[in-house]
Every structure is written in C-alpha cells, then in structure tokens.
Amino acid sequence: MAAVRRGAWVALRYVTPVFFLGVVLQFFFVGYGLFAMKDGKTIDNTHSLNAHRDFGFILSDLGAILFIVLALLAWPTPRKLLGAWILLGLLAFLQPMLADFHHK
C-alpha cells in the first residue's frame, strides 16, 4: 500500500500544475471565442465558444474525478492537503453546473 500512496502522491504533484495550466488555457479559449463572435450572435448560440465549453467540461469532469481519486489514494499526512484537493475536485465538478445557472 505504501507504493500505491507514493505513486498517487507523485501523480498528484504532476496533475495539479497541469490542471491549473488547463484553467489558464480556458481563459485563452473564452477570450478567443468572444473576439471571434460574428455580428448578431449571442453567447448562447455562437460556435466560437465551443472550444471553451468542450475543454472546460473535459477538464472539470476528468480533473474532478482524478483529484478526488488521487487524493484519497495518496492520503497526505497533513489532512489540510487532503481537504484542499477534495475541495478542488468538488469545485471543479460543480463549476459547469454553476456556469449553466441563469438568472431570470
């Protein structure tokens, strides 16, 4: 079990920065999509934001599952780290639901 914990800890240390680079890439995709919008289109019906939407759903779903599984496998000694990674996974999972929430 110690080998699994070490492997999960190493994977978690590499997955976390890659996830945050993906979040930065999301900002690029939304900026490109907004500036590439055609006249008369709205945010809801434009195709230029598809890269942002598709990559965001992949990043949030896979990232959330990966963070929670790796954090539980690694079971870091300071429990604050365990809670932080599980919270990050839950927030990544909930973010697309919050993006679809519309005020009317």
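Provided above is the structure to which this section pertains.
Read on for an overview of the structure. Throughout, a residue's number is its position along its own chain's written sequence, starting from 1. This being a predicted model, a pLDDT of at least 70 is required before a residue's local features are given, and a value of 80 or more before pairs of side-chain atoms are given or counted; all residues contribute to the totals for chains, interfaces and linings. Where side-chain values are given, they derive from all heavy atoms of the structure, hydrogens and water being excluded.

Regarding the nonpolar core
(1) Moving on: Within the largest apolar cluster, 13 residues are counted, with the highest numbers of intra-cluster contacts made by Leu12, Phe19, Phe67, Leu70, Ala71 and Trp85.
(2) Moving on: Note on conventions: DSSP H or I runs of at least 4 residues are helices, E runs of at least 2 residues are strands, and numbering of each starts at the N terminus. Counting only elements with at least two residues in this core, the list comes to helix 1 (2-35), helix 2 (50-74) and helix 3 (79-99).
(3) Moving on: Top element by residues in this core is helix 2. It accounts for 6 residues.
(4) Moving on: Residue contacts are defined here by distance: any two heavy atoms, one from each residue, within 4.5 Å place the two residues in contact. Ignoring sequence-local partners within four residues, the contact set of phenylalanine 19 consists of Leu59, Gly63, Phe67, Leu88 and Ala92. The definition of a nonpolar core used throughout is a set of buried Ala, Val, Leu, Ile, Met, Phe, Trp, Tyr and Cys residues joined through side-chain atoms within 4.5 Å. The buried label applies to any residue whose accessible area, calculated with a 1.4 Å probe on protein chains only, is under 20% of its type's maximum; exposed applies above 50%, and partly exposed to all values in between.

A few points about the packing of helix 1 against helix 3
(1) Moving on: A fitted line through C-alpha atoms represents every axis, and for helices the fit uses only the stretch in contact; the resulting angles, taken between N-to-C directions, go from 0 to 180 degrees. Where helix 1 contacts helix 3, the axes come no closer than 13 Å and their chain directions differ by 45 degrees. The angle between helix 1 and helix 3 places the two elements in the oblique class. Helix 3 is crossed by helix 1, and the crossing has left-handed handedness. Listed contacts from helix 3 to Trp9, Leu12, Thr16, Phe19 and Phe20 of helix 1 are Leu81, Trp85, Leu88 and Ala92.
(2) Moving on: Each residue belonging to the contact of helix 1 with helix 3 can be placed in one class, and the counts come to 8 nonpolar, 1 polar and no charged. By the definition adopted for this analysis, an angle is roughly parallel if under 35 degrees, roughly antiparallel if over 145, roughly perpendicular if from 65 to 115, and oblique otherwise. A crossing counts as left-handed when the near helix is turned anticlockwise from the far one by less than a right angle, and as right-handed when that turn is clockwise. By the convention adopted, Pro, Cys, Tyr, Trp, Phe, Met, Ile, Leu, Val and Ala count as nonpolar, Lys, Arg, Asp and Glu as charged, and the other residues, Gly among them, as polar.

A word on a nonpolar patch on the surface
(1) Moving on: A cluster of nonpolar side chains, namely Met1, Val4, Ile65, Val69 and Leu73, defines an oily patch on the protein surface of about 460 Å² accessible area.
(2) Moving on: No other element matches the 3 residues that helix 2 contributes to the nonpolar patch.
(3) Moving on: Along the chain, valine 69 falls in helix 2. Only residues whose relative accessible area exceeds 30% and that form no salt bridge are eligible for patches; like-charged ones are grouped when within 9 Å, while nonpolar side chains (Val, Leu, Ile, Met, Phe, Trp, Tyr) are grouped when within 5 Å. Each accessible area value is a Shrake-Rupley result obtained with a 1.4 Å probe; residue values ignore everything except the protein chains displayed when judging cover. By salt bridge we mean one thing: a side-chain nitrogen of Lys or Arg within 4 Å of a carboxyl oxygen of Asp or Glu.

Brief notes about the environment of methionine 1
(1) Moving on: Within the fold, methionine 1 resides in the segment before helix 1.
(2) Moving on: Along the primary structure methionine 1 and glycine 31 are separated by 30 residues, whereas in three dimensions their C-alpha atoms are 45 Å apart.

Describing the side chain of threonine 16
(1) Moving on: Locating threonine 16 in the fold gives a position in helix 1.
(2) Moving on: Here leucine 12 takes part through its backbone oxygen, which lies 2.8 Å from a polar atom of the side chain of threonine 16.
(3) Moving on: Once residues within four sequence positions are removed from consideration, threonine 16 is found in contact with Phe67 and Trp85. Throughout this description, a polar contact denotes any pair of N or O atoms lying within 3.5 Å of each other; where both atoms belong to protein, one of them has to be capable of donating a hydrogen while the other can accept it, and for residues adjacent in sequence the pair is counted only when both atoms sit in side chains.

A word on helix 2
(1) Moving on: Helix span, as expected, comes to 1.5 Å for every residue beyond the first. The terminal C-alpha atoms of helix 2, which comprises 25 residues, lie 35 Å apart, in line with the 36 Å expected from a rise of 1.5 Å per residue.
(2) Moving on: Residues of helix 2 that are buried include every one of Gly56, Leu59, Ser60, Gly63, Ala64, Phe67, Leu70, Ala71 and Ala74, and no others.
(3) Moving on: Contacts from the buried residues of helix 2 go to helix 1 and helix 3.
(4) Moving on: A positive backbone phi angle near 45 degrees is found at tryptophan 75, which sits one or two residues after helix 2.

Considering the environment of glycine 22
(1) Moving on: As for its position among the elements, glycine 22 is in helix 1.
(2) Moving on: In the structure, glycine 22 is positioned 73 residues away from glutamine 95 in sequence and 14 Å away in space, judged by C-alpha atoms.
(3) Moving on: The contact partners of glycine 22, leaving out residues within four places of it in the chain, are Phe55 and Leu59.

Some points on the packing of aromatic side chains
(1) Moving on: Whether two aromatic rings pair depends on their centres lying within 6.5 Å, for rings of Phe, Tyr and Trp, where Trp uses its six-membered ring; planes under 30 degrees apart make the pair stacked, over 60 edge-to-face, and the rest tilted. Using the criterion set out here, one finds 6 aromatic pairs in the structure.
(2) Moving on: Look at phenylalanine 19 and phenylalanine 20: their rings are 5.8 Å apart centre to centre, the planes differ by 75 degrees, and that puts the pair in the edge-to-face class.
(3) Moving on: When its relative accessible area of 9% is taken as the criterion, phenylalanine 19 is described as buried.
(4) Moving on: Phenylalanine 20 sits in the partly exposed class, given a relative accessible area of 43%.
(5) Moving on: Between phenylalanine 28 and tyrosine 32 the ring centres are 6.5 Å apart and the planes differ by 20 degrees, which places this aromatic pair in the stacked class. With a gap of 4 residues between them, phenylalanine 28 and tyrosine 32 both fall in helix 1, about one helical turn apart.
(6) Moving on: Using a relative accessible area of 53% as the deciding quantity, one classes phenylalanine 28 as exposed.

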